[in-house]
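Next come the chains, spelled out residue by residue.
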Amino acid sequence: MENRIIIIGGGPAGITTAVQLRRCGHDPLLIERGDFGGLLLNANLVENYPGFPNGISGVNLSKLLISQMEKNSVKTMKANVIKIERIDNKYKILTDDMRELYCEHLVIATGTKPKRNKTLLKTLEDDDREIFYSAHSLFDVFEMDICIIGGSDAAFDYAMSLSAKNNITILVRGRRSSAVKRLREMIAVNENVKVLYSTEAKEIKRENRGLRVVYRRDDIIYEKFFDYVLFAIGRKPEYPEMIGFDAVEEENLYLTGDVKNGIYRQLSLSVADGMKAAMEIDFKIRRTEIESH
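Cut-offs used in this document
- Residues numbered from 1 in each chain as written.
- Predicted model: local features only at pLDDT ≥ 70, side-chain atom pairs only at ≥ 80, totals over all residues.
- Heavy atoms only, no water.
- Helix = DSSP H or I, 4+ residues; strand = E, 2+ residues; numbered from the N terminus.
- Buried < 20%, exposed > 50% of the residue type's maximum accessible area, 1.4 Å probe, protein only.
- Contact = heavy atoms within 4.5 Å.
- Areas by Shrake-Rupley, 256 points an atom, 1.4 Å probe, with all protein chains shown as cover.
- Lys, Arg positive; Asp, Glu negative; His and termini not counted.
- Charge placed at Lys NZ, Arg CZ, Asp CG, Glu CD.
- Salt bridge = Lys/Arg side-chain N within 4 Å of Asp/Glu carboxyl O.
- Pairing = 2+ DSSP bridges.
- Axes fitted to C-alpha atoms, helices over the stretch in contact; angles between N-to-C directions.
- Polar contact = N/O pair within 3.5 Å; in protein donor to acceptor, adjacent residues only side chain to side chain.
- Parallel < 35°, antiparallel > 145°, perpendicular 65-115°, else oblique.
- Left-handed = near helix turned anticlockwise from the far one by under 90°.
- Nonpolar A, V, L, I, M, F, W, Y, C, P; charged D, E, K, R; others polar.
- Patch = residues over 30% accessible without salt bridge, like charges linked within 9 Å, V, L, I, M, F, W, Y side chains within 5 Å.
- Phe/Tyr/Trp six-rings, centres within 6.5 Å; stacked < 30°, edge-to-face > 60°.
- Lys NZ or Arg CZ within 6 Å of the ring centre and 35° of its normal.

A. Quick peek at the overall build of the chain. Along the backbone of the chain there are 6 helices and 19 strands. Among the 293 residues that make up the chain, the fraction classed as buried is 48%. Within the chain, counting contacts between residues at least 6 apart in sequence, those at least 24 apart form 61% of the total. Summing over all exposed atoms, the chain offers an accessible surface of approximately 15,700 Å²; the carbon and sulfur share of this is 47%. Here the chain holds 43 positive side-chain charges and 43 negative ones, and the gap between their average locations is 4 Å.

B. Focus on the pattern of salt bridges. Counting across every chain of the model gives 18 salt bridges. Across the salt bridge formed by Asp27 and Arg22, the nearest N and O atoms sit 3.8 Å from each other. Here Asp27 falls in the partly exposed class, since its relative accessible area comes to 41%. Judged by its relative accessible area of 27%, Arg22 is partly exposed. Among the salt bridges present, the one from Lys260 reaches Asp273, with a minimum N-O distance of 3.4 Å.

C. Focus on the sheet that holds strand β7 (residues 105–108). Taken in spatial order, the 5 strands line up as β3-β2-β1-β7-β19 in an open sheet, and their pairing is parallel. Pairing within the sheet leaves two strands with one partner each, and these edge strands are β3 (75–78) and β19 (253–255). Here the strands of the sheet are splayed against their neighbours by 20 degrees on average, with no regard to which way each runs.

D. Focus on the environment of Asp97. Looking at the secondary structure, you find Asp97 in the loop between β5 (90–95) and β6 (100–103). A polar contact of 2.2 Å, which involves the side chain of Asp97, links it to the side chain of Thr95.

E. Quick peek at the side chain of Arg235. Of note, Arg235 is situated in strand β17 (residues 235–237). At 2.6 Å, the side chain of Arg235 and the side chain of Thr112 are in polar contact. Setting aside chain neighbours within four positions, we find Arg235 in contact with Leu39, Thr112, Lys113, Pro114, Lys115, Tyr133, Tyr158 and Arg265.

F. How the structure looks around the pairing of strand β10 (residues 145–149). Taken across its 5 residues, β10 has 4 buried, putting it largely inside the fold. Bridge analysis of β10 against strand β11 (residues 167–171) gives 5 bridges, and the strand direction is parallel. Bridge pairing in β11 places Asp145 opposite Asn167. Pairing of β10 with strand β16 (residues 228–231), which is carried by 4 bridges, proceeds in the parallel orientation. Looking across to β16, one finds that Ile149 is bridged to Phe231.

G. Seen up close, the environment of Glu207. Tracing the backbone shows Glu207 in strand β13 (residues 199–207). Taking relative accessible area as the criterion, Glu207 reaches 33% and is therefore assigned partly exposed. Between the alpha carbons of Glu207 and Phe225 there is a distance of 8.9 Å; along the sequence they are 18 residues apart.

H. Expanded view of the packing of helix α4 (residues 153–162) against helix α5 (residues 181–188). Their axes nearest at 10 Å, the elements α4 and α5 cross at an angle of 40 degrees. As far as their axial angle goes, α5 and α4 are oblique. In this structure, α4 meets α5 at a crossing whose hand is left-handed. Contacts between α4 and α5 involve Asp153, Phe156, Asp157, Ala159 and Met160 from the former and Leu183, Arg184, Met186 and Ile187 from the latter. Looking at the contact of α4 with α5 residue by residue, the classes come out as 6 nonpolar, no polar and 3 charged.

I. Layout of the packing of helix α1 (residues 12–23) against helix α6 (residues 267–291). At their nearest, the axes of α1 and α6 sit 7 Å apart, and the two run at 35 degrees to each other. Our pair here, α1 against α6, has a crossing hand that is right-handed. For the pair α1 and α6, the contacting residues are Pro12, Ala13, Thr16, Thr17, Gln20 and Leu21 in the first and Leu267, Ser270, Val271, Gly274, Met275, Ala277, Ala278, Met279, Ile281 and Asp282 in the second.

J. Quick look at a nonpolar patch on the surface. On the surface, Ile263, Tyr264 and Leu269 cluster together to form a nonpolar patch covering roughly 360 Å² of accessible area. As for its position among the elements, Leu269 is in helix α6.

K. Structural context of the packing of aromatic side chains. This model, assessed by the stated rule, comprises 4 aromatic pairs. On the numbers, 6.4 Å between centres and 25 degrees between planes, the contact of Tyr49 with Phe52 is stacked. Summarising the aromatic geometry, the rings of Phe132 and Tyr228 are spaced 5.8 Å apart at their centres and angled 65 degrees between planes, so their arrangement reads as edge-to-face. Taken together, the positions of Phe132 in strand β9 (residues 131–132) and Tyr228 in strand β16 put the pair 96 residues apart, joining distant regions of the chain. According to the relative accessible area criterion, Phe132 is buried, its value standing at 18%. Residue Tyr228 is classed as buried on the basis of its relative accessible area, which comes to 17%. Here the basic side chain of Arg116 rests over the ring of Tyr133, its NZ or CZ set 4.3 Å away from the ring centre.

Shown next as structure tokens:
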């Protein structure tokens, strides 16, 4: 199947690209393997996005983005892209269900994937049914003891998202968190969240009572049972496998959002990336059409 423009990734960057392209009169195909909204679905409260002075939850903002996407009749496909290949002047995209798609302009907005601590997880079974990497996966649980490993913005935000219905313990390796001041202040007054600084998780084992987490704090070894463990120890770019070309040097390939922004993973930057990519694609197509006449 051939489309002139394909966007891989249905987070804020991908949705913004698609909506703007529709406004410009194009008909892009937006491919997403999971839920539209991406990591935004995990955000407890988005307070730094213009236009929402009181903040807005990540789930509600995702719903608005999806509504805007639907209002603009963006064509979507649920699929997992596993490989991209350059063939002449087109891109060939292969999905895990063996569908082949082709396009002239390709936008990669695939975001990031979580870093995993293989040492801590080596004693667990292959099906990590109590191990998670996003708060969104645990939104339906309540009255549970949840351990969050990590001291970043994500760790503290995940704690805020889950603490309304659960008891949260955050294990932070350093003597302080790297989370922004606002999140640290919110956690400090949250009675359902306990933060243990200078604390390193040493072992996780699955037992009848749940997950036994062994951790060291101030050179003393402790252990506690939890219903779930959520890792927030960093993320890294997630690219589909690309064959035969360098994505950075490709003329009609665009990396947008968290997949390229390193530590600067912010909603506003992802939206800006998506808008810029859409405008560049529109400009190139219109210029090509003018030159061909």
